[in-house]
Amino acid sequence: MNSRSRHSRERLPRLLEDVPKPRGTVDRITMTPTMKMKGRLLSRTGYFLEILLNGTVQATLNNSSIYTVLEIQSYSSKLKRFLGFYSNHFLAYEVKGKRKGKFTGEPMSRSNRQSHNSLFEEHMEENSYTTYRAFAFTNNLNGTGYLAIKENGKFRRVERSKPGMHASQFTFLARHEERQV
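Residues numbered from 1 in each chain as written. Predicted model: local features only at pLDDT ≥ 70, side-chain atom pairs only at ≥ 80, totals over all residues. Heavy atoms only, no water.

As named in an unreviewed UniProt entry, the protein chain is Fibroblast growth factor 20, taken from Acropora cervicornis. Under Sequence similarities (unreviewed entry), UniProt gives the following word-for-word description of the protein chain: "Belongs to the heparin-binding growth factors family." (UniProt positions renumbered as here; feature names shortened; annotations may be inferred.)

## So, the packing of aromatic side chains
With the rule as written, the count across this model stands at five aromatic pairs. For the pair Tyr 93 and Phe 120, a centre-to-centre distance of 5.6 Å together with 75° between the ring planes defines the contact as edge-to-face. Linking Tyr 93 in strand β6 (residues 89–96) with Phe 120 in strand β8 (residues 120–124), this pair joins segments that are 27 residues apart in sequence. The residues Tyr 93 and Phe 120 share a single accessibility class, namely buried. Through a chain of ring-to-ring contacts, the aromatic side chains of Phe 82, Tyr 93, Phe 120, Tyr 132 and Phe 170 assemble into a single cluster. Against the face of Phe 90 rests Arg 81, its NZ or CZ located 5.1 Å from the ring centre. (Phe/Tyr/Trp six-rings, centres within 6.5 Å; stacked < 30°, edge-to-face > 60°. Helix = DSSP H or I, 4+ residues; strand = E, 2+ residues; numbered from the N terminus. Buried < 20%, exposed > 50% of the residue type's maximum accessible area, 1.4 Å probe, protein only. Lys NZ or Arg CZ within 6 Å of the ring centre and 35° of its normal.)

## Considering the side chain of Thr 144
Looking at where Thr 144 falls in the secondary structure, it is placed in the loop between β9 (130–134) and β10 (170–174). Thr 144 sits in the buried class, given a relative accessible area of 3%. Once residues within four sequence positions are removed from consideration, Thr 144 is found in contact with Arg 133, Phe 137, Val 158, Glu 159, Ser 161 and Lys 162. (Contact = heavy atoms within 4.5 Å.)

## Some words on the environment of Phe 170
One can find Phe 170 in strand β10. Remark: the alpha-carbon pair of Phe 170 and Tyr 47, spanning 123 residues in sequence, is separated by 9.5 Å.

Below is the structure:
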């Protein structure tokens, strides 16, 4: 590897920061949610999404687990973010290179509230189920990047999930608080 190519790679992130962003990107959206709602996210395969205290994101059949309670935060009509209510971790996605991606729990902090790794684009399907696409994959031409739980309870890799699959279709079960009298 010669020194010229190494320097050009080091300069690449700085050059990308100087490029003006088009109007309507996520940077123009207010980073305070316009709506918050508590509930559980149920996959069409029958699994609930849960975010544990250590940031582990997994699927469970146990609907009484406190870690299945999520707070959905709306930033626009289609842009959502999921916060584990009892774990204080956001549902986020990691992309390592072009081929590997997985879902993780990102701790709630001031810097992570501005992170785009935990933003999802919501789309209502024709069968009344909802799909959630990772925001980084919205410009991806092959139609992948959806949150999906397979029949065996494991997550489908981000780059292999598509909207028509049963694994990528969810319904949000709103939680109604009981009043203490």
